[in-house]
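# Overview (structure and organization)
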Amino acid sequence: METLWFWLVSVMVAIYVVMDGFDFGAGILHLVVAKTNEERRQVLGAIGPLWDGNEVWLLAGGGSLFLAFPKVLASGFSGFYLAMWLVVWSLMLRGISIEFRSHVQDGLWRHFWDATFAVSSVVLPVLLGAALGNVLRGVPLDGTGYFSMPLWTDFQLGPQPGVLDWYTVLIGVFALVTVTAHGALFLAWKTEGPVHLRAKRLAPRLWLLVLVVWVAASAATARVNPAILHNLPGAPLAWVAILLYLAGLGLVFLGLGRERFLLAFLGSGAFILGLLAASAACVYPVMLKSTLNPAFDLTALNASVGGHGLRTGLVWWLFGFPIALGYVAFLFRFHRGKVSAAEEGEGY
Amino acid sequence: MGDPLFWHRLQFGFTATYHYLFPQLTMGLALVIVILKALGLRTGEARYSDAARFWIRIFGINFAVGVVTGIPLEFQFGTNWARFSHLSGGIIGQTLGMEGMFAFFLESSFLGLLIWGEKKLSPKGHFGAAVALWLGSWLSGYFIIATNAFMQHPTGFAVAADGTLQLTSFWAFLLNPWALGQYAHNMIASVVTGSFVVAAVGAYWTLKGIHPVQADLNLRTGTIMGLIFSVLVAFPTGDLQGKLVAKYQPITLAAMEGRFESGPRAALTLIGQPDVSERKIENPIKVPAVLSFIAYGTFSSNVKGLLEFPQDQWPQNIELLYYSFHIMAGLGTLMIGLMALAVFLLWRGKLATTRPLLWAVMLAVPFPYIATTAGWAVAEFGRQPWLIYGVLRTAQGSSPLVHAGHTAFTTLGFAGIFVVFSMLWLFLIGRELAHGPESQAH
């Protein structure tokens with residue numbers, strides 16, 4: 001049951017990254033691919049109806065983590081205290097910038113929200129990527145099950161690292177580049193006209209950059225957490241995940257080559273999903289690794305709540321998850337086709 | 001200032017109070033919008049859908065601020081209340097997870113359709129989006145109230161050997177009697193907020209002599225709903241909530257009333273200042289035996305005073321608790337009176353010309369907000385010194401390694417962000433009010 005919940009939480013988080021990833025990407029790119037007010041509204045029109053639902057995956061994933069592994073949530077959230085609030089403040093400003101931009105027809109008002117939207121969209125994937133980096137590298141958990149970290153120290157690894165060191169920044173940059181490339185495919189798929197052309201032109205270059213950073217990030221991860229490579233032969237799910245992300249990567253380049261952007265976008269979703277699943281499979285059962293002593297690791301086994309709670313949660317989860325997927329399908333179907341800018345006062 | 005617990009409590013209290021200024025309006029307005037849309041579908045009259053369109057715009061602005069100010073609350077469980085989260089996550093994680101899964105997905109999927117979809121959807125489809133938002137926001141309210149009810153009156157759990165709380169009965173937890181009572185009281189209060197806002201806008205336009213059709217419709221809808229729901233918030237739901245407190249938290253009841261001595265035929269204090277060190281109420285005005293009746297249904301019941309309980313179980317801030325309760329109950333009574341008068345004049349056809357009362361209805365907007373905030377202060381100060389009543393003390397629930405300075409810093413950060421949000425909200429809502437309702441030619 002603990003293993004199942006480890007995977008349910010991982011799947012929820014991975015779906016979150018894929019879903020919010022493309023609207024982060026749209027936010028990162030919009031100053032570049034959308035020059036005029038009309039074009040920016042086209043970008044916002046594409047993600048406007050979706051971003052809030054995408055972020056619910058974070059809350060639902062967090063809720064799943066809370067109910068199944070409360071010790072991990074308690075330790076991680078309090079340990080990353082200041083970094084967590086940077087994430088939260090960025091999420092808040094980003095949401096407001098999407099929702100409020102269209103309310104006033106004024107150039108300065110809109111420039112302000114465009115900039116807020118772009119900056120928060122850059123900060124978030126870097127921080128969330130760095131969070132993943134921290135999970136892979138480990139944190140100074142001691143016997144109490146808690147830790148406390150400064151935002152950064154000397155950017156070196158060691159038993160007492162900061163939230164940001166060269167490795168976690170590298171993973172943050174990888175996350176940034178990947179969601180940007182993911183977002184470019186989404187925009188190429190959902191828009192037409194100049195935005196489509198610019199996104200289409202940028203996408204292959206961004207994906208080549210993803211490949212470069214990916215190799216660097218993988219090599220660094222193998223060095224920072226050798227257990228991952230060590231676990232690989234004994235983790236069949238990791239091989240499935242690797243096949244998934246390789247297939248995804250193949251689809252990305254196939255889709256780009258044939259200008260079939262939905263295919264490429266689905267490929268990049270599979271790439272992200274596969275990468276995260278492979279990481280989860282290789283670190284299992286460790287959820288929060290200790291840099292001080294492996295005995296202090298928080299794992300799916302020693303941090304989970306009792307069986308009755310997990311079984312109860314599973315019952316409603318099995319109802320809720322298909323409904324949530326149904327909403328996603330409904331939304332994409334309702335907003336199918338290319339997006340054009342809404343008339344003033346009629347949309348994002 | 002160096003005590004982390006103080007800052008953790010201040011931060012949660014501050015951010016939760018600020019956040020709840022927005023959902024109380026959206027949850028109430030959601031019902032108003034559903035009613036207006038339903039009337040529009042039924043009668044085919046454009047004035048109903050015009051009114052709904054105006055309120056949907058107000059709803060959208062409010063909802064956005066509600067969503068983003070709600071995010072930090074979810075995070076604070078882990079960041080500031082780590083030991084509480086560790087011990088009780090297996091239980092309250094259920095409702096918080098269900099809120100995401102069953103309520104937030106529903107709301108977020110239909111929000112865009114409600115706000116921007118009127119032209120894309122059929123009238124029935126758009127009505128459906130309004131119903132979805134109403135259901136989603138009220139469902140979300142239930143999961144949060146059920147979570148809070150577990151802290152007020154824990155049910156359906158057992159304490160495991162390692163000190164963590166384990167779920168033993170999902171239904172006992174989810175259908176906690178405290179949750180049912182508090183939910184009814186709170187949701188009806190949210191409709192009161194919505195109604196007062198609608199009535200105030202109607203009164204404002206009537207006083208200005210603009211948008212006559214819409215002014216009349218909003219004034220009528222707001223005052224009639226305002227009267228019905230402000231009565232319901234007192235009776236039966238407020239009464240039920242009082243009896244729950246009397247049954248499960250008798251110490252809190254004594255503190256809310258500033259009652260130190262026990263005895264039958266307990267008097268209700270209408271006015272007076274508690275002096276905790278002297279164990280008495282200064283200059284009280286009391287109604288004999290009414291407190292006994294409110295708490296237990298008979299005038300002769302014994303209502304225990306604080307002195308009957310060990311002092312380490314008293315809420316720490318009895319004065320604030322006492323004032324919060326009396327402000328809530330006093331404003332509640334005042335609001336019933338105001339709306340009763342307004343509806344009486346409406347019935348006699350004189351409301352639109354009785355300018356002093358229109359002024360009063362317009363300026364009464366803060367009352368439901370203050371009453372609701374004070375009501376939650378009663379619930380939360382009344383729960384002290386417990387985080388989970390009778391199970392975990394507040395002092396034992398905070399994060400062990402987070403410094404006071406960090407929490408002070410982030411609390412000030414929130415204060416800054418909230419100032420910005422408040423200004424934006426006022427600016428955008430002010431624009432909508434100035435712009436007024438618009439008719440859509442079909």
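Description of the structure in this document. Fair warning: this is a prediction, and the values are worked out from it, not measured in the lab.

### Observations concerning the overall build of chain A
Secondary structure assignment for chain A yields 11 helices and 2 strands. Reading the secondary structure of chain A in the N-to-C direction produces α-α-α-α-α-α-α-α-α-α-β-β-α. In summary, chain A has a C-alpha radius of gyration of 20 Å against a globular reference of 20 Å for 348 residues, a match within 12%. Taking the intrachain contacts of chain A between residues at least 6 apart in sequence as the baseline, contacts between residues at least 24 apart amount to 75%.

### Regarding helix H6 (residues 166-190) of chain A
An α-helical segment advances 3.6 residues per turn. Residues three or four places apart therefore align on the same side. Between its first and last C-alpha, H6 of chain A extends 36 Å over 25 residues, near the 36 Å set by a 1.5 Å rise per residue. Counted residue by residue, H6 of chain A has 22 buried out of 25 residues, so it is predominantly covered.

### Comments concerning the nonpolar core
Counting 265 residues, the largest nonpolar core has Leu 185 and Leu 187 of chain A together with Ile 33 and Trp 55 of chain B as the members making the most contacts within it. Ranked by residue count, the leading element in this core is helix H4 (residues 82-116) of chain B, at 19 residues. Not counting residues up to four positions away in its chain, the partners in contact with Trp 55 of chain B are Leu 29, Val 32, Ile 33 and Leu 36 of chain B.

### Examining the interface of chain A and chain B
On the side of chain B, 47 residues touch chain A, which itself brings 51 residues to the contact. When contributions to the side of chain A that touches chain B are tallied by element, the ones reaching two or more residues are helix H2 (37-68), helix H3 (70-79), helix H4 (81-100) and helix H11 (307-334) of chain A. Residues that form the side of chain A that touches chain B fall into these classes: 28 nonpolar, 19 polar and 4 charged.

### Some points on the packing of helix H3 (residues 46-80) of chain B against helix H8 (residues 212-248) of chain B
Residue and element names in this part refer to chain B. It is at 10 Å that the axes of H3 and H8 come closest, and there the two elements cross at 75°. Relative to H8, the element H3 lies roughly perpendicular. Contacts between H3 and H8 involve Arg 47, Asp 50 and Ala 51 from the former and Val 213, Gln 214, Leu 217 and Asn 218 from the latter. Classifying every residue of the contact of H3 with H8 gives 3 nonpolar, 2 polar and 2 charged.

What counts and what doesn't
- Residues numbered from 1 in each chain as written.
- Chains lettered and ligands numbered in written order.
- Predicted model: local features only at pLDDT ≥ 70, side-chain atom pairs only at ≥ 80, totals over all residues.
- Helix = DSSP H or I, 4+ residues; strand = E, 2+ residues; numbered from the N terminus.
- Rg over C-alpha atoms; globule rule 2.2 N^0.38 Å.
- Contact = placed C-beta atoms within 7 Å.
- Expected span 1.5 Å × (residues − 1).
- Buried ≥ 20, exposed ≤ 12 C-beta atoms within 10 Å, placed from the backbone.
- Core = buried A, V, L, I, M, F, W, Y, C linked by C-beta atoms within 7 Å.
- Nonpolar A, V, L, I, M, F, W, Y, C, P; charged D, E, K, R; others polar.
- Axes fitted to C-alpha atoms, helices over the stretch in contact; angles between N-to-C directions.
- Parallel < 35°, antiparallel > 145°, perpendicular 65-115°, else oblique.

Shape descriptors only; they carry no functional weight alone.
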